[in-house]
Structure formats: C-alpha cells, structure tokens
Amino acid sequence: MATSAEITGGPPGSAPEETLTTRPEQRRETVIRVIRSARKRLILSVFRCSDYLVMDELAEAVSRGVRVEALLTPRARGDEAKQLEDLGRVLQGMGAEVFRYRDPVVKYHAKYMVADEGPALVGSLNFTAKCFTNTCDFQLVTWDPAVITSLRQLFETDSVAPEAPLPDSLSDRLIVGPDRARAKFTALLESGRQTIRIIDHKLADPQLVSLLKEKKEAGVVVEVLGSGQVGGMRSHGKMIVVDDRVAAIGSVSLAPLNLDFRREVAILIHEPRCVAELSGFFQAASAVKAATAGAEAEEDDE
C-alpha cells in the first residue's frame, strides 16, 4: 500500500506541499487518498456525506485500526436534519466516534479533514454525488505543519468545548468564522492593488460589497462570478484571488450569515503554482460565461 507521502505528493519534514483540486473528476479520489493515508487517526468535519465510496473508505479505515472521529452540525433544515441523524448513526455503526457541535447558535459548516500528522484537506464541497460531479468547488491538500496542528486544535476544541475561545496559536493561513472571518477577508480584499477575482454565489455582505466598490473606483479590476453556471458547473464553492499572488478557498461565503454566525473554515494559499491554477480557472470560467452570455444575446436579437 502507498505511503502518505506517495499518496499526496508531500514528504513529511520538507517544505509545505500543496495540491489543489478544481475539477469534479479529481475530487472523490483526492478525498479517498487522504482517508487511505491515515494509519492511526483521522478527523473530519462533515456537513453532508452520502457518497457510498467515501463511506466505504471510512469503514475500511476503522477496520484497519484507525481512530476515525467525525464532527457534525446539529443545526439543519427539514430533510437535512434527518440525513445528518442517519449519517451519525451509520458512522457510529461502523465504529467511528461522532461528535455533534453543541453551540446553541452557531451552525457548523466547515469542511476539513486531517490524517495523522498530515496531510490535511480543506475544501468547499460536501461528500455527495452532486459535489463530486457537477458543482464548482475547490479542495486543497497540504502538509503545512502549522495548518495541520491548527485544524486538530480547532477540531478538539469544537468537539468538546465549543464555548471556549479559539486557540491563539491557530495558523494565520486559516480563516475561521465567525470569530475571524470578517477581519481576515476584509484585510485580504483591502490588500488588492491590481486585481480581485471572486467566485461566490452568495456575495451579499454590505460592508464587503462597499469595499469592493471602493477598490474598483480606485482602479482595481474587480471581477465576480456569482450564481448560475461557473465553467459549466453549478456555483457552490468559494474562491478569491488577489493580485495573482494570494488566494483563499473554503466554505465561507461573503454574506453576513456565513461571516458572523457560522463555524466556517477557509485557507489562504500563497504557493505560486496553486494561485496561478486558481487564477487560470477563474479566467477560463469567466470566458465561458461571457461566451454564453454573448450567444444568448444574439438569440434574443433574432
């Protein structure tokens, strides 16, 4: 069986390695590889999981002696609540430890996973057929030790004592809501000098919308892909690229509810190769949307 380093491409003890996933056909395999890399412990925050292959891999991890711990939100609407109850029972039935976030107000919407001392995965997608096939979503696998340690600290705090403050030692790369999301995203957008590119179908926060307007008036090119199709996929994941030098992906929408009332996790990306890939993805998706809009306009003129 392959080692963790072989699976994720990042040898422990070296400089942090990043692997970005943007295409649907890569997503399930990325998740499965991280699960398979675990030898002793696997922690994961799950908002939705209905993919049988992922569930089978979690069960197989338990059977080979891995301590699998899952953190679920207790706050959901309608059928989602029953699905989460069913998911919890299935996970417990296979031998996993299940924690339910106990904060009476905050909804747990973060999507992350850590295998042993690494790698860690931070993403925007749920483990569902829809997110594995036809949504615009993003995942980052990293060996950054500060991120790995911080995600474990976050998991351990949230699963046992959600009323406790966030650990002060969390990596600056992590954008954790509601505690730090607004300040972190404000600083990220304020840093833009040339270009700000955003994929977010829920962008609606008045303060950040106003900030983006100010940046545009100051000469910064601000581009937003919102609702509808993004690169031929349904918009779901969130992404920001600033000046082609830094990016952020994760579960956090730039909307008041997500910024101020939900446990969310996003991650800052500085690796030039990954930033360039996200920038290229945005530009390709923008070109597709422009071409589609142009074709629709021509049809309307006929």
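Thresholds applied
- The residue numbers shown here count from 1 along each chain, following its written sequence.
- Only residues with pLDDT of at least 70 are given local features in this predicted model, and only at 80 or more are side-chain atom pairs given and counted; all residues enter the totals for whole chains, interfaces and linings.
- The side-chain numbers reported here are obtained from all heavy atoms of the structure, hydrogens and water having been left aside.
- Strand pairing is defined by DSSP finding a minimum of two bridges between the two strands.
- Strands are runs of DSSP state E lasting at least 2 residues, helices are runs of H or I lasting at least 4, and numbering of each runs from the N terminus.
- For a helix, the expected span equals 1.5 Å multiplied by the number of residues minus one.
- Relative accessibility thresholds used throughout: buried, under 20% of the residue-type maximum; exposed, over 50%; partly exposed, between the two (1.4 Å probe, protein chains only).
- Two N or O atoms count as a polar contact when they lie within 3.5 Å, although within protein this holds only if one can serve as hydrogen donor and the other as acceptor, and sequence-adjacent residues are included solely when both atoms are side-chain atoms.
- Note on handedness: a crossover is taken as right-handed if, strands pointing away from the viewer, the path from the first strand over the helix to the second is clockwise.
- Take the buried Ala, Val, Leu, Ile, Met, Phe, Trp, Tyr and Cys residues and link them wherever side-chain atoms come within 4.5 Å; each set so joined is a nonpolar core.
- What makes two residues a contact is simply this: any of their non-hydrogen atoms within 4.5 Å.
- In this description, one arc is meant: the one made by directions from the helix axis to the C-beta atoms.
- In this analysis an axis means a line fitted to C-alpha atoms, helices contributing only their contacting stretch, and an angle means the value between N-to-C directions, from 0 to 180 degrees.

**Structural notes on the sheet that holds strand β13 (residues 229-230)**
Spatial strand order, β8-β14-β13: three strands in an open sheet with mixed pairing. Each of the sheet's edge strands pairs with one partner strand only, and the pair in question is β8 (135-136) and β13. Across two bridges, the pairing between β13 and strand β14 (residues 233-235) is antiparallel. Following the sheet pairing, Q229 is matched in β14 by R234.

**With respect to helix α6 (residues 145-160)**
Between its first and last C-alpha, α6 extends 23 Å over 16 residues, near the 22 Å set by a 1.5 Å rise per residue. Along α6, the residues that are buried comprise V147, I148, S150, L151, R152, L154, F155, T157, D158 and S159. Measuring from the side-chain oxygen of the N-cap residue of α6 to the backbone nitrogen of A146 gives 3.0 Å; that N-cap residue is D144.

**Let's talk about the pairing of strand β11 (residues 195-199)**
Burial analysis of β11 places five of its five residues in the buried class, the great majority of the element. Neither face of β11 is open: one carries T195, R197 and I199, the other I196 and I198, and all of them are buried. Sheet topology places β11 next to strand β12 (residues 221-225); five bridges connect them, and they run parallel. Residue T195 lies in a different strand from β12, and its bridge partner there is V221. The β-α-β motif built from β11, the intervening helix α8 (residues 206-217) and the parallel element β12 has right-handed crossover chirality. Pairing between β11 and strand β15 (residues 238-242): four bridges, direction antiparallel. Counted as the bridge partner of R197 is V241 from β15.

**Re the environment of P119**
By the element assignment, P119 lies in the loop between β6 (112-115) and β7 (120-123). Separated by 29 residues in the primary sequence, P119 and I148 have C-alpha atoms spaced 7.2 Å apart.

**Quick word on the nonpolar core**
Grouped together as the largest cluster of nonpolar side chains are 40 residues, with contacts concentrated most on Y112, L151, I199, I249, I269 and L278. Contributing elements (two or more residues each) for this core: β6, β7, α6, β10 (174-177), β15, β16 (246-250), β17 (262-269) and α10 (272-301). Considering each element in turn, this core owes the most residues, six residues, to α10. In this structure, I199 is in contact with C136, F138, L225, V230, S235, G237, K238, M239, F281 and F282, ignoring residues within four places of it in sequence. Counting residues in hydrophobic clusters, the runner-up holds 31 residues, among them A38, V66, A70 and L125.

**Quick look at α8**
Think of an α-helix as 3.6 residues a turn; residues three or four steps apart then line up on the same face. Over its twelve residues, α8 runs 16 Å from end to end, which matches the ideal 16 Å to within 8%, given 1.5 Å per residue. Among all positions in α8, only L208, L211, L212 and K215 are buried. Taken around the axis of α8, the buried residues stretch over an arc of 100°, which confines them to a single face. For α8, exposure combined with an orientation more than 90 degrees from the buried face picks out P206, K213, K216 and E217.

**Some words on the sheet that holds strand β2 (residues 41-46)**
What the seven strands build is an open sheet, ordered β1-β9-β7-β6-β2-β3-β4; its pairing is mixed. Of all strands in the sheet, those bounded by a partner on one side alone are β1 (18-21) and β4 (97-100). Each neighbouring strand pair of the sheet contributes to a mean axis angle of 15°, computed without reference to strand direction. In the sheet, β7 pairs with strand β9 (residues 139-142) via four bridges, with the strands oriented antiparallel. Looking at β9, one finds that V122 is bridged to L140.

These values are about where atoms sit, not about what they do.
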